[in-house]
Amino acid sequence: MTAEPVEILLVEDRDEDAELALRALRERNLANKIVRVRDGAEALDYLLGAPGSPAKGKPRVVLLDLKLPKVDGIEVLRRVKADERTRTIPVVVLTSSREERDLVRTYDLGVNSFVTKPVGFEEFAEAVGQLGLYWLLLNRQPGP
Amino acid sequence: MPRRRTEVPSENRVGRLPRSLPGQLLLTAALYAVAGRIALLMAIPPGYATAVWPAAGFALACVLVFGPRVWPAVVVGSFLVNVWTRDPSSGAWDAPSVVVAVAIGCGAAAQAALGGFLLRRSVEETTPFSGDRGVLRSLILAGPVSCLVSSSAGVTTLLAAGRIGPGEYAQNWFTWWVGDAIGAIVFTPLLLLWAPGLRRGGLARRLTVTLPFLVMFAAVTGLFLRAQGWWESWLILACGLLLTGLLGALLLVLTGGAARFEDLLHQRTAALARAEERARAIVETSHEAFVAINAEGRITQWNRAAEATFGWAAPEALGRVLAETIVPPRLRTAHREGLARFLATGEGPVVGRRIEMEGLHRDGREFPVELTITALRAGDSWVFNAFLHDISERKRAQRAIEGKSAELEAANRELEAFTYSVSHDLRAPLRAVEGFASILEKDFAPRLDGEGLRLLGVVRKNALRMSALIEDLLALSRLGRQALELVPLDMAALAREAAAEATAAAPGRPIRVEVGDLPSARGDRSLVLQVWQNLLANAVKFTCGRDPAVVEVTGRASDSEVVYSVRDNGAGFDMRYAEKLFGVFQRLHTQEEFEGTGVGLAIVQRIAHRHGGRVFAEGRPGEGATVGFALPRGGPA
């Protein structure tokens, strides 16, 4: 047996938000196969591989914050959706912003879901849990 | 009487006729008296009447020239003739004699007035005999026709006064009539022809008509003086003068055409001169600078506004090359080439259009001008007219506006960036505060006492409240930027939808919402729905504790707007603070009484204003409130 496949890639630069997200996922028993990266560059390295090294894994769903250091979430989304290998991975955009232009841009790029992170933790946990579960179920790959 | 003739340019006048009525009266009376006196010297005895009576022609001519108002002068003239020629031996100068003389005078005056009237009515010429039209008709009306009056009046008077017997009536009447008719036929045209100030053809025409007239007249008069006996005299006079009249008529017709043409030419020339004068005055006094150049590019016209605009006085500017006068040096080549191209091809990019370019002032200053150039054919060459004006002021204003717009745009962009960052960055820490407080509450509850849990609750509540404030503020700022998408709206449906949401948010409360018939309106659906949501949520919120809470939604349409109101029986407010109601973060109640961010009605107002509408509110503490909005009929202008 190799390591269990990563099921969720969480791309989030703020530790607090990451912790809350992880906790929300954990409350729904989804947290055992999560990898968290801190910026867009790391996310791309993980999904597409850095120069000289192959991709590190193929998660079943990506939870992507939009406002990220180095490479922003929109760019990550664009590259992921443009690459044959990762095109089919569902991407759920998590953001504080309700700004319309973000929404329109991400839909243009083929985002699968768009979640505005609510301030209330309960709502947040609910939204993240629901979406994570939804996409995991929908994108269930045949077992090894 | 038409006075058009007096407008004829003075160089065509030979002399002047009196313009005042007394002068005209005096002249008429004197002419009549003298003509009558001379004629009576030729009277053929034994009758009172004479075979030629030029005075009748003089009277008619005076009436035609001065107007019918000179008729009293004819009466006076006739009276004077009678006084002047009176034979002292014929009896006392008594009252009956005066009456007879006045009656004869009145007959002569009536005849002249009638003749004038008939001629004026039937001849289209301004003055009879001035052209070739209707000469014969004029002669007949002036002579045989109108002269029926004086002869009838005069001879009847004589008969009534006993001066002649009934047997003599016919012969006297006939002599009188013939004398007057010939006098009128011969002398009316002659007088009109020579009357000073009335131009009817040049001297050539006058002489062509007059000399044969006078020769004939002299011949007839000579023959008459040698004539033997009554019949011979009468025959010579009558036939001779009739021939003279016909000769005159012929000559008048022959020369009249040319005279009329000349007359018309003078009239047209004068009219043209006046029109040109007017056009020149318009151009000269125009506030637009007017500049004309010829095909060589030299200035041919330069009005006062051009003087002021470019600093060159007209005498200096005229004849100068335009390009070297008002075109900045760097544009001169283009100007010359454009002119040359137009002359070669008849086409040019600037001709006939409104264009803006730089002009050059005499002092070397360049300034923007707006101009239109028109090209006119002048013989086988061209003239170019340009109207132009200095638009420095407009350009300055335009630049100022552009500057302001740019500033405004920058401010807007900044605001948008600010909003974006508020939306992202302010909420993140808030989320952490609320999230971790929530975790603390959940995971550490057993280790916290009641007070500890209460304090955590306060932290969480305030984090959520701040989040709500941020949300509302962002919503408010979005309203200003979002484009309106105007559609016809079923306002009652929107109100009911919002009411359902509002009551659902307060489950278990006794609330009655009555939505009446609402006029439809044009507006942005999602924004107007927000208005209803805010108004109904407020109504539900402020009726908390009422049993039942009653909310009435009504609407009405006026000529210019549709007005909607939401009335409740809730807490109401003090009208003194009504203005604060619609301000951002302005609240009239404490957070403990009613929760809220104080942004809801600000959103309502912003949306109403963006639709070109307005908001209003009325209330009394404890007695409920009516809050509403009005939209312009047919949507925002």
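Just so it is clear, the model here is predicted, and its values are computed rather than measured.

Draft legend 1. Quick peek at the overall build of chain A. Counting secondary structure elements, chain A contains five helices and five strands. Here chain A, with 144 residues, has 49% of them falling under the buried criterion. Contacts spanning at least 24 positions in sequence make up 65% of the contacts within chain A whose residues lie at least 6 apart. Total accessible area computed for chain A in this model is approximately 7200 Å², and 50% of it derives from carbon and sulfur atoms.

Draft legend 2. Representation of the overall build of chain B. Scanning chain B for helices and strands turns up 18 helices and twelve strands. The burial tally for chain B puts 43% of its 637 residues in the buried class. Carbon together with sulfur atoms contributes 61% to the accessible area of chain B, which is approximately 32500 Å² in total.

Draft legend 3. Summary view of the confidence of the model for chain A. Mean pLDDT for chain A: 79, with 85% of residues reaching 70 or above. The element-level mean pLDDT for chain A is lowest in helix α4 (residues 100-108) of chain A, coming to 70, with strand β1 (residues 8-11) of chain A highest at 90.

Draft legend 4. Focus on the interface of chain A and chain B. Listed per partner, the contact involves 22 residues of chain A and 26 residues of chain B. Across the chain A to chain B interface the summed buried area is about 2200 Å²; carbon plus sulfur atoms make up 50%. Of the charged contacts in the structure, one is a salt bridge between B:D443 and A:R23, with a shortest N-O distance of 2.6 Å. Here chain A is connected to chain B by three residue pairs in polar contact (both at pLDDT 80 or more). Secondary-structure elements contributing two or more residues to the side of chain A that touches chain B are α1 (15-27), α4 and α5 (121-138) of chain A.

Draft legend 5. Structural context of the sheet that holds strand β4 (residues 366-378) of chain B. All names here are of chain B. The five strands are arranged β2-β1-β5-β4-β3 in an open sheet whose pairing can be described as antiparallel. Where the open sheet ends on each side, the last strands, each with one partner, are β2 (299-302) and β3 (354-360). Direction aside, the axes of adjacent strands within the sheet are offset by 30 degrees on average. As judged from the ten bridges shared by β4 and strand β5 (residues 381-390), these two strands associate in the antiparallel manner.

Draft legend 6. How the structure looks around the pattern of salt bridges. Evaluated as defined, the whole model comprises 34 salt bridges over all chains. Note that A:E75 is salt-bridged to A:R79, the shortest N-O span being 3.9 Å. Within this pair, A:E75 and its partner A:R79 are both found in helix α3 (residues 73-82), separated by four residues, close to a single helical turn. Residue classification places A:E75 among the partly exposed residues on the basis of a relative accessible area of 26%. The shortest N-O distance in the salt bridge between B:E451 and B:R454 comes to 3.1 Å. Of this pair, B:E451 and B:R454 both sit in helix α15 (residues 450-481), three residues apart, which is roughly one turn of that helix. Through salt bridges with shared partners, one network takes in B:R354, B:E356, B:E370, B:R394 and B:K395.

Draft legend 7. Quick peek at the nonpolar core. Residues and elements named next belong to chain B. Counting residues in hydrophobic clusters, the biggest one holds 51 residues, and the most contacted among them are Y32, W53, V74, L119, V186 and V209. The greatest single-element share of this core, amounting to eleven residues, is contributed by helix α2 (residues 54-66). With 48 residues, the next largest nonpolar core counts A499, L527, I603 and A617 among its residues.

Draft legend 8. Main features of the sheet that holds strand β10 (residues 561-568) of chain B. All names here are of chain B. Read across the open sheet, the five strands follow the order β7-β9-β10-β12-β11; overall the sheet is mixed. For this open sheet the edge positions go to β7 (511-515) and β11 (614-619), each flanked by a neighbour on one side alone. Sheet twist, expressed as the mean angle between neighbouring strand axes with direction ignored, is 15 degrees. Where β11 lies against strand β12 (residues 625-632), six bridges are found, and the strand directions are antiparallel. The residue bridging E618 from the neighbouring strand is T626, located in β12. Contacting β7, β9 (549-557), β10 and β12, helix α16 (residues 491-504) crosses the sheet at an angle of about 170 degrees to β7. Against the sheet, helix α17 (residues 525-542) contacts β7, β9, β10 and β12, and its axis sits at roughly 25 degrees relative to β10.

Draft legend 9. Here's a closer look at the packing of aromatic side chains. Residues and elements named next belong to chain B. For the structure on display, the rule yields twelve aromatic pairs over all chains. With centroids separated by 5.3 Å and ring planes inclined at 75 degrees, the aromatic side chains of F342 and F384 adopt a geometry described as edge-to-face. Linking F342 in helix α13 (residues 329-345) with F384 in strand β5, this pair joins segments that are 42 residues apart in sequence. Each member of the pair F342 and F384 is classed as buried. The structure contains a cluster of three or more aromatic residues connected by ring pairs, namely W173, F174 and W177. It is R362 that lies over the ring of W312; its NZ or CZ is 4.1 Å from the centre.

Draft legend 10. Region of the structure containing helix α1 (residues 21-41) of chain B. Helix length check: α1(B), at 21 residues, gives a terminal C-alpha distance of 30 Å against a target of 30 Å (1.5 Å per residue), a fit within 8%. Taken together, the buried residues of α1(B) touch α2, α3 (71-84) and α4 (95-122) of chain B.

Draft legend 11. Representation of the pairing of strand β3 (residues 61-65) of chain A within the structure. Residues and elements named next belong to chain A. Most of β3 is tucked away: five of the five residues are buried. Along β3, one buried face is formed by V61, L63 and D65 and the opposite face, lined by V62 and L64, is buried too. One ladder, built from four bridges, connects β1 with β3; its direction is parallel. Counterpart to L9 in the pairing with β3 is V62. The sheet contact formed by β3 and strand β4 (residues 91-95) spans four bridges and is parallel. Looking across to β4, one finds that L64 is bridged to V93.

Draft legend 12. Region of the structure containing the packing of α17(B) against helix α18 (residues 600-610) of chain B. Residues and elements named next belong to chain B. Running from N to C, α17 and α18 point in directions that differ by 145 degrees, and their axes come no closer than 9 Å. As α17 runs across α18, the sense of the crossing is left-handed. Packed against α17, whose contacting residues are L527, V528, Q530, V531, N534, L535 and N538, the element α18 presents G600, L601, I603, V604 and I607 at the interface. For the contact of α17 with α18, the per-class residue count stands at eight nonpolar, four polar and no charged.

Draft legend 13. Region of the structure containing the environment of B:E497. Residue and element names in this part refer to chain B. In this fold, E497 is placed in helix α16. Classification of E497 as partly exposed rests on a relative accessible area of 32%. Each C-alpha atom, one on E497 and one on W532, is 8.6 Å from the other, the two residues being 35 residues apart in sequence. E497 has contacts with R525 and L529, leaving out every residue within four places of it along the chain.

About the cut-offs
- Residues numbered from 1 in each chain as written.
- Chains lettered and ligands numbered in written order.
- Predicted model: local features only at pLDDT ≥ 70, side-chain atom pairs only at ≥ 80, totals over all residues.
- Heavy atoms only, no water.
- Helix = DSSP H or I, 4+ residues; strand = E, 2+ residues; numbered from the N terminus.
- Buried < 20%, exposed > 50% of the residue type's maximum accessible area, 1.4 Å probe, protein only.
- Contact = heavy atoms within 4.5 Å.
- Areas by Shrake-Rupley, 256 points an atom, 1.4 Å probe, with all protein chains shown as cover.
- pLDDT = per-residue confidence, 0-100.
- Buried area = accessible area lost by both parts, 1.4 Å probe.
- Salt bridge = Lys/Arg side-chain N within 4 Å of Asp/Glu carboxyl O.
- Polar contact = N/O pair within 3.5 Å; in protein donor to acceptor, adjacent residues only side chain to side chain.
- Pairing = 2+ DSSP bridges.
- Axes fitted to C-alpha atoms, helices over the stretch in contact; angles between N-to-C directions.
- Core = buried A, V, L, I, M, F, W, Y, C linked by side-chain atoms within 4.5 Å.
- Phe/Tyr/Trp six-rings, centres within 6.5 Å; stacked < 30°, edge-to-face > 60°.
- Lys NZ or Arg CZ within 6 Å of the ring centre and 35° of its normal.
- Expected span 1.5 Å × (residues − 1).
- Left-handed = near helix turned anticlockwise from the far one by under 90°.
- Nonpolar A, V, L, I, M, F, W, Y, C, P; charged D, E, K, R; others polar.

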